[in-house]
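# Analysis of the macromolecular model
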Amino acid sequence: MSLHTNTLKQLSTELKSKSVSSVELTRHFLDRIEKFDGDLNSFVTVTKDHALAQAKQADELIAKGKAGPLTGIPISQKDIFCTEGIKTSCGSKMLDNFISPYNATVVEKFNQAGAVMLGKLNMDEFAMGSSNETSFYGPVSNPWNTDCVPGGSSGGSAASVAARLTPASTGTDTGGSIRQPASLCGITGLKPTYGRVSRYGMIAFASSLDQAGPITQTAEDAALMLNAMAGFDAKDSTSVEKDVPDYTADLANNLKGLKIGLPKEYFGGGLDSDVGDVINAAVDQYKKLGAEVVDIELPNSGLSVPAYYVVAPAECSSNLSRFDGVRFGYRCEDPVDLEDLYKRSRSEGFGPEVKRRIMIGAYALSAGYYDAYYLKAQKVRHLISDDFKKAFEKVDVIMGPTSPNVAFNKGERSDDPIAMYLSDIYTIATNLAGLPGMSVPAGFANNMPVGLQIIGNYFGESRLLNVAHQFQMNTDWHTLMPDVFK
Amino acid sequence: MSLGSEEIKKIANLARLQIEESDIPGYAKNLSNILDLVEQMDSVNTDEVTPMAHPLDAVQRLRADEVTEQDQREHFQQHAPKVEDGLYLVPKVIE
């Protein structure tokens, strides 16, 4: 049975035609997780009973003719989304014992759509990392080569879809955490415009950058997922009050006259030349589809990593102050006083990368340093955002590599934070500006997948998905999966 | 920027973290390197630039001052490390 190679769209059709039931489909994927996830470590928690109960309910809805596009479809959630009555760890020892008392809005929306949750996916601790090696639950392996990292922070989300252990998953992207792992694992990932998807119940890292999005085999599946995820939520004060279009509506539009901007800064010295060749070939494919290519400049993009490593740690140090061992999460043994309770609970509960970022943030926000760091970074952020605004006066989308190289070996960058941070050199600017971005499989370099990054204008998700879908109608990179998981 | 061990201890205290003495040199090195990276921002003059508060220039949405939440104290406290009579317990603060 090769049910797992089907896209979410195909599975939806099969469920409606009753050629397979949701319970059968769910069992199929649960069996695959059981068989293959020992090597991958992409799941923190498999919610078997919960999934089968949801699948049974979905089958009843389908029988009554009340099925929506996602009814009965198994998906998996990054373990950053709170799930009522189910462990929500955020990849941290701090929350290893945390059973969430409520659902994230994203989870609630998938429940309403009748989707089935297979489990909770491994991730870098508190989404801080680009390799999934900072997880308390151990690293995730890249399905294309298990010696390599899957990228991060949504490493479990990407690896599980790449190995077809789940038809689709959710991720979050603060500096590239959806797009970079999607690129390294050869699948499709979308980070929507800041505020498009509710952050309620999504454990906060850097609140002005965090955004949730889908990780799927195809752009069409990403559109179906985003249809369910997007929308205003009164529970998230930064959620945008804007109608949600049907993201599948524009997929079939042709690309004649599409103006693609190629920023010269994204094709410079740091880019692996084999990755560059794949990206250039993808751009050539777009030219064949009728697109025009325009050279553009994003002159301040070199400052995006420096600005990010002020803004993100500063916001993280504030957000993570809630983990104090008092109300939920890890508490140290036998604290002698309140100070000891705070300090030891946090020091024993957080891993080294999280502590580094909290400390950088605490320093940047401390008395006397605010102007030099946080205020400066917010100004640089404005310059970066203005670069994009100027570019979008001339072009419809911007393209380039998602990541400067293919997946690297486990351990290769874990002792060098700076080398790790530079994995996100092409993705971070998008978060600083709040723009939507995608990564789409575009080929291979050294037998590992390469992702093409497509950046859109604010709320341009429909256009992005259209541009990605048309590429996928004319290439088959997105259909490839590693042989060992077939 | 190079941070010394006293500064690491001060920052750790601000962040309510306890760093083992043996780990301080590692933190000093890594945090100094990160600050060096961050200071690349100084290559651009931003005197005339306004800081960006929100990518979409949105302002904080307000709502009517009405009670919208129900009391769920027991539900929320069921996973707390230590509670008694509806209160979270911590080591004694006042003698």
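As the structure is a prediction and not an experimental result, all values here were calculated from the model. (Residues numbered from 1 in each chain as written. Chains lettered and ligands numbered in written order. Predicted model: local features only at pLDDT ≥ 70, side-chain atom pairs only at ≥ 80, totals over all residues. Heavy atoms only, no water.)

Turning next to unusual backbone geometry. Where the residue is not glycine, phi is negative for most of them; where a peptide bond is considered, it is trans in most cases. Residue and element names in this part refer to chain A. Between Gly-152 and the following residue, Ser-153, the backbone shows a cis peptide bond with an omega angle of 10°. One can find Ser-153 in the loop between β3 (116-121) and α5 (155-162). Not every positive phi belongs to a glycine, and Asp-334 is a case in point at roughly 45°. Turning to its location among the elements, Asp-334 is positioned in the loop between α9 (304-319) and α10 (338-349). For Asp-334, a relative accessible area of 64% translates into the label exposed. One non-glycine residue with positive phi stands out, namely Asn-447, at about 65°. Along the chain, Asn-447 turns up in the loop between β10 (437-445) and β11 (448-455). (Helix = DSSP H or I, 4+ residues; strand = E, 2+ residues; numbered from the N terminus. Buried < 20%, exposed > 50% of the residue type's maximum accessible area, 1.4 Å probe, protein only.)

Attention shifts here to the packing of α9 of chain A against helix α2 (residues 24-38) of chain B. Relative orientation of the contacting elements α9 of chain A and α2 of chain B amounts to 125°, with a least axis distance of 8 Å. By the criterion of interaxial angle, the relationship of α9 of chain A to α2 of chain B is oblique. Two secondary-structure elements touch here, α9 of chain A through Val-305, Pro-306, Tyr-309 and Val-310 of chain A and α2 of chain B through Ile-34, Leu-37 and Val-38 of chain B. The class makeup of the residues in the contact of α9 of chain A with α2 of chain B is seven nonpolar, no polar and no charged. (Axes fitted to C-alpha atoms, helices over the stretch in contact; angles between N-to-C directions. Parallel < 35°, antiparallel > 145°, perpendicular 65-115°, else oblique. Contact = heavy atoms within 4.5 Å. Nonpolar A, V, L, I, M, F, W, Y, C, P; charged D, E, K, R; others polar.)

Next up on the list: α2 of chain B. Owing to its 3.6 residues per turn, the α-helix brings residues three or four apart onto one side. Its 15 residues place the ends of α2 of chain B 21 Å apart at the C-alpha level, agreeing with the 21 Å of an ideal helix rising 1.5 Å per residue. Listing the buried residues of α2 of chain B in full gives Ile-24, Tyr-27, Ala-28, Asn-30, Leu-31, Ser-32, Ile-34, Leu-35, Leu-37 and Val-38 of chain B. Lining the buried residues of α2 of chain B we find α9, α11 (352-365), α12 (371-394) and α13 (417-421) of chain A together with α1 (5-14) of chain B. (Expected span 1.5 Å × (residues − 1).)

Attention shifts here to the interface of chain B and chain A. Each partner contributes to the interface: chain B provides 48 residues, whereas chain A provides 72 residues. For the pair chain B and chain A, the summed buried surface comes to about 5,200 Å²; carbon and sulfur atoms form 69% of the total. Looking only at chain B, the three residues that lose the most surface to chain A are Met-41, Met-52 and Arg-61 of chain B, adding up to 15% of its buried area. The interface formed by chain B and chain A holds one salt bridge in total. The salt bridge partner of Arg-16 of chain B is Glu-339 of chain A, with a shortest N-O separation of 3.8 Å. Mapped onto the side of chain B that touches chain A, the elements with two or more residues apiece are α1, α2 and α3 (73-77) of chain B. Top contributing element to the side of chain B that touches chain A by residue count: α2 of chain B, with eight residues. Residues belonging to the side of chain B that touches chain A are distributed by class as follows: 30 nonpolar, 12 polar and six charged. (Buried area = accessible area lost by both parts, 1.4 Å probe. Salt bridge = Lys/Arg side-chain N within 4 Å of Asp/Glu carboxyl O.)

Turning our eyes to something else, we now look at the pairing of strand β8 (residues 292-296) of chain A. All names here are of chain A. Taken together, the five bridges between strand β7 (residues 259-263) and β8 define a ladder with parallel strand orientation. Its bridge partner lying in β8, Ile-260 is registered against Val-293. For the segment spanning β7, helix α8 (residues 273-288) and β8, crossover handedness is right-handed. (Pairing = 2+ DSSP bridges. Right-handed = clockwise from strand over helix to strand, strands pointing away.)

Our focus in this paragraph is the pairing of strand β9 (residues 397-401) of chain A. Residue and element names in this part refer to chain A. Within β9, five of the five residues are buried, leaving the element largely enclosed by the surrounding structure. Summarising the sheet, β7 and β9 pair through two bridges and their orientation is parallel. Opposite Gly-261, over in β9, you have Ile-398 as the bridge partner. Sheet topology places β9 next to β11; four bridges connect them, and they run antiparallel. Of the residues in β11, the one forming a bridge with Pro-401 is Leu-452.

All names here are of chain A. Overall, the coordinates contain two cavities of 30 Å³ or more when judged by the stated rule. Forming the walls of the largest cavity are 13 residues, and the residues nearest its centre are Ala-127, Gly-129, Ser-177, Tyr-308 and Asp-424. Classifying every residue of the lining of the largest cavity gives five nonpolar, six polar and two charged. Residue contributions to the lining of the largest cavity reach at least three from each of two domains, namely domain 1 (3-257 + 396-485) and domain 2 (302-376). (1 Å grid on protein atoms, 1.4 Å probe; cavity = no way out; pocket = protein on both sides within 12 Å on 5 of 7 lines; lining within 4 Å. Points joined across faces, edges and corners; volume = space filled by probe spheres on them. Domains from an automatic or database assignment.)

What follows is about the packing of α9 of chain A against α11 of chain A. All names here are of chain A. The geometry of α9 relative to α11 is characterised by a closest axis approach of 7 Å and an angle of 100° between their N-to-C directions. By the angle between their directions, the pair α9 and α11 is classed as roughly perpendicular. Contact residues: Tyr-309, Val-310, Pro-313, Ala-314, Cys-316 and Ser-317 in α9; Arg-357, Ile-358, Ile-360, Gly-361, Ala-362, Ala-364 and Leu-365 in α11. By residue class, the composition of the contact of α9 with α11 is 10 nonpolar, two polar and one charged.

Residues and elements named next belong to chain A. Overall, the coordinates contain 18 aromatic pairs over all chains when judged by the stated rule. Consider the rings of Tyr-286 and Phe-471, whose centres lie 5.2 Å apart with planes at 10°: the pair is stacked. Of this pair, Tyr-286 sits in helix α8 while Phe-471 is found in helix α15 (residues 461-474), placing the two residues 185 residues apart along the sequence. Phe-471 matches Tyr-286 in its accessibility class, with the two residues each being buried. Plain terms: the ring middles of Tyr-369 and Tyr-373 are 6.2 Å apart, the flat faces sit at 35° to each other, and that makes the pair tilted. Judged by its relative accessible area of 26%, Tyr-369 falls in the partly exposed class. (Phe/Tyr/Trp six-rings, centres within 6.5 Å; stacked < 30°, edge-to-face > 60°.)

Moving on to the layout of surface pockets. If a probe the size of a water molecule is rolled over the atoms, the empty space left behind becomes visible. Considering only enclosed or pocket space, the largest pocket measures out at about 660 Å³ in volume. Forming the boundary of the largest pocket are 26 residues, of which Cys-82, Tyr-102, Gly-201, Arg-322 and Phe-328 of chain A lie nearest the centre.

Time to look at the environment of Thr-166 of chain A. Residue and element names in this part refer to chain A. Among the structural elements, Thr-166 can be located in the loop between α5 and β4 (168-172). When the C-alpha atoms of Thr-166 and Arg-32 are compared, they prove to be 8.7 Å apart, with 134 residues separating the residues in sequence. Beyond its immediate chain neighbours, meaning those up to four positions away, Thr-166 contacts Phe-29, Pro-74, Ile-75, Ser-76, Leu-118, Ser-160 and Val-161. Among the polar contacts listed, one links the side chain of Thr-166 to the side chain of Ser-76, at a separation of 2.9 Å. (Polar contact = N/O pair within 3.5 Å; in protein donor to acceptor, adjacent residues only side chain to side chain.)

It is worth spelling out the side chain of Arg-196 of chain A at this point. Residue and element names in this part refer to chain A. Along the chain, the position of Arg-196 falls in the loop between β5 (188-191) and β6 (212-216). For the buried Arg-196, no salt bridge is present, and the opposite-charge side chain at shortest range is Glu-461, 5.5 Å distant. Within the structure, the side chain of Arg-196 is placed 2.6 Å from the backbone oxygen of Lys-242, a separation counted as a polar contact. The contact partners of Arg-196, leaving out residues within four places of it in the chain, are Gln-211, Ala-230, Gly-231, Val-240, Lys-242, Asp-243, Val-244, Pro-245, Tyr-247, Phe-459 and Glu-461. (Lys, Arg positive; Asp, Glu negative; His and termini not counted.)

The next point concerns the domain arrangement of chain A. All names here are of chain A. Looking at chain A, the domain boundaries give domain 1 (3-257 + 396-485) and domain 2 (302-376). Here the C-alpha centre of domain 2 lies 27 Å away from the C-alpha centre of domain 1. Facing 27 residues of domain 1, the contacting portion of domain 2 comprises 26 residues. In this assembly, domain 1 packs against domain 2 so that about 2,300 Å² is buried in total across both faces, 68% of it on carbon and sulfur atoms. Considering only the surface of domain 1 that becomes buried against domain 2, Met-94, Met-128 and Tyr-421 emerge as the three largest contributors, covering 30% of it.

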